[in-house]
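# Coordinate analysis (summary)
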Amino acid sequence: EPEVTQTPSHQVTQMGQEVILRCVPISNHLYFYWYRQILGQKVEFLVSFYNNEISEKSEIFDDQFSVERPDGSNFTLKIRSTKLEDSAMYFCASSVAPSGRGTDTQYFGPGTRLTVL
Amino acid sequence: DQQVKQNSPSLSVQEGRISILNCDYTNSMFDYFLWYKKYPAEGPTFLISISSIKDKNEDGRFTVFLNKSAKHLSLHIVPSQPGDSAVYFCAARDNNAGNMLTFGGGTRLMVKP
C-alpha cells in the first residue's frame, strides 16, 4: 500500500540553525501539507501546497518557514532560523482530491521529531 | 481556538465491548470530518470519514455518526480489540478554508484484554 515517507525521523539542531525536513508524498497525490504537533498539544496545520504554490497557510507559517517541491517526488519544509519553540513533531500529508470536490482524505507520514537546543 | 474538541482525554474499555469516542465542533462551515488513529512515534493513520450530507458511515468495526444540529460526531468501535489501543483524533475541514484540517486534542483509548 502506498504511503507517505519522511526523513529524517529525528533531527537535532542548535537554535538559529536552518533545517530542512523532507517528505515523499504518495505518488498520484496532488495536494501536500505540513502539520506539526508540539508535545502535549494538538496537531496544527501549517501549510498546504498545490500546483507548485502555497494554497493555504496558518499564522504559524511565518517568514521563517518555506516549502518547496524541488523535483517530482520530494516535498520539503525549511525552517530558516530555528527557535526553541519550533521543537515538535512535523507531519507531512498528501491527498489526491482538490478542495470541495468529494473526499480529500489526507494521508500522513510517520513524522520527523525536531529538537532545537 | 477550540473549534474541534474531544472532551474525554482517555477512555478504558474491555475487549469485545463497544468503544464510543466523542467529538464536538463549533464551526458550522465544517463539511467533512475524519477520524485518525495514532500510535506513539507514528503519524496519524486515517480510519474513517463522513461528509456533512450524511449522518452515518460504516466500515467494518468502525462507524461514525454525525449529528449536525448538535455539532457532534462520534466513533463507535465494535467489538473493541486490544490492538485498537491508541490515541484517536477527530478532524474537520471547512470547505471555505481550503484543505486544512482542524484537529481535536485526541482521546487515548485503552482496550483491556
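Refer to the structure printed above.
First, a word on what this report is: a plain description of the structure on this page. In this text the structure is predicted, and so the values were computed from the model without any measurement.

## Digging into the overall build of chain A
- Scanning chain A from N- to C-terminus turns up zero helices and 11 strands.
- When its helices and strands are written in sequence order, chain A yields β-β-β-β-β-β-β-β-β-β-β.
- Relative to a compact globule of 117 residues, whose C-alpha radius of gyration would be 13 Å, chain A shows 14 Å and is just as compact.
- For chain A, the spread of C-alpha atoms along the three principal axes comes to 40 × 30 × 30 Å.
- Taken across its 117 residues, chain A has 44% of its residues classed as buried.
- Accessible area of chain A: about 5,800 Å², with a carbon and sulfur share of 47%.
- The centroid of the 10 positive side-chain charges in chain A is displaced by 2 Å from the centroid of its 14 negative side-chain charges.

## Observations concerning the packing of aromatic side chains
- Under the defined criterion, the tally for this structure stands at 19 aromatic pairs over all chains.
- Both rings, one in Y31 of chain A and one in Y50 of chain A, keep their centres 4.2 Å apart while their planes meet at 5°; by these two values the pair is stacked. Of the two residues, Y31 of chain A is situated in strand β4 (residues 31-37) and Y50 of chain A in strand β5 (residues 43-50); the sequence distance between them amounts to 19 residues.
- For Y31 of chain A, a relative accessible area of 7% puts it in the buried group.
- With centroids separated by 6.2 Å and ring planes inclined at 80°, the aromatic side chains of F89 of chain B and F103 of chain B adopt a geometry described as edge-to-face. Remark: F103 of chain B occurs in strand β10 (residues 101-103) and F89 of chain B occurs in strand β9 (residues 86-94); sequence separation between them is 14 residues.

## Focus on the sheet that holds strand β7 (residues 65-68) of chain A
Residue and element names in this part refer to chain A.
- The antiparallel open sheet is built from four strands, whose spatial order is β1-β3-β8-β7. A single partner strand is all that each edge strand has here, and the edge strands are β1 (5-7) and β7. The mean inter-strand angle of the sheet, taken between neighbouring strand axes irrespective of direction, is 20°.

## Thoughts on the pairing of strand β8 (residues 75-79) of chain A
Residue and element names in this part refer to chain A.
- Within β8, four of the five residues are buried, which leaves the element mostly enclosed by the surrounding structure.
- Sheet topology note: the strand β3 (residues 19-24)/β8 ladder contains five bridges and is antiparallel. Each bridged residue has a counterpart across the sheet, and for V19 the counterpart in β8 is I79.
- Pairing between β7 and β8: four bridges, direction antiparallel. Its bridge partner being in β8, S66 is matched across the sheet by K78.

About the cut-offs
- Residues numbered from 1 in each chain as written.
- Chains lettered and ligands numbered in written order.
- Predicted model: local features only at pLDDT ≥ 70, side-chain atom pairs only at ≥ 80, totals over all residues.
- Heavy atoms only, no water.
- Helix = DSSP H or I, 4+ residues; strand = E, 2+ residues; numbered from the N terminus.
- Rg over C-alpha atoms; globule rule 2.2 N^0.38 Å.
- Buried < 20%, exposed > 50% of the residue type's maximum accessible area, 1.4 Å probe, protein only.
- Areas by Shrake-Rupley, 256 points an atom, 1.4 Å probe, with all protein chains shown as cover.
- Lys, Arg positive; Asp, Glu negative; His and termini not counted.
- Charge placed at Lys NZ, Arg CZ, Asp CG, Glu CD.
- Phe/Tyr/Trp six-rings, centres within 6.5 Å; stacked < 30°, edge-to-face > 60°.
- Pairing = 2+ DSSP bridges.
- Axes fitted to C-alpha atoms, helices over the stretch in contact; angles between N-to-C directions.

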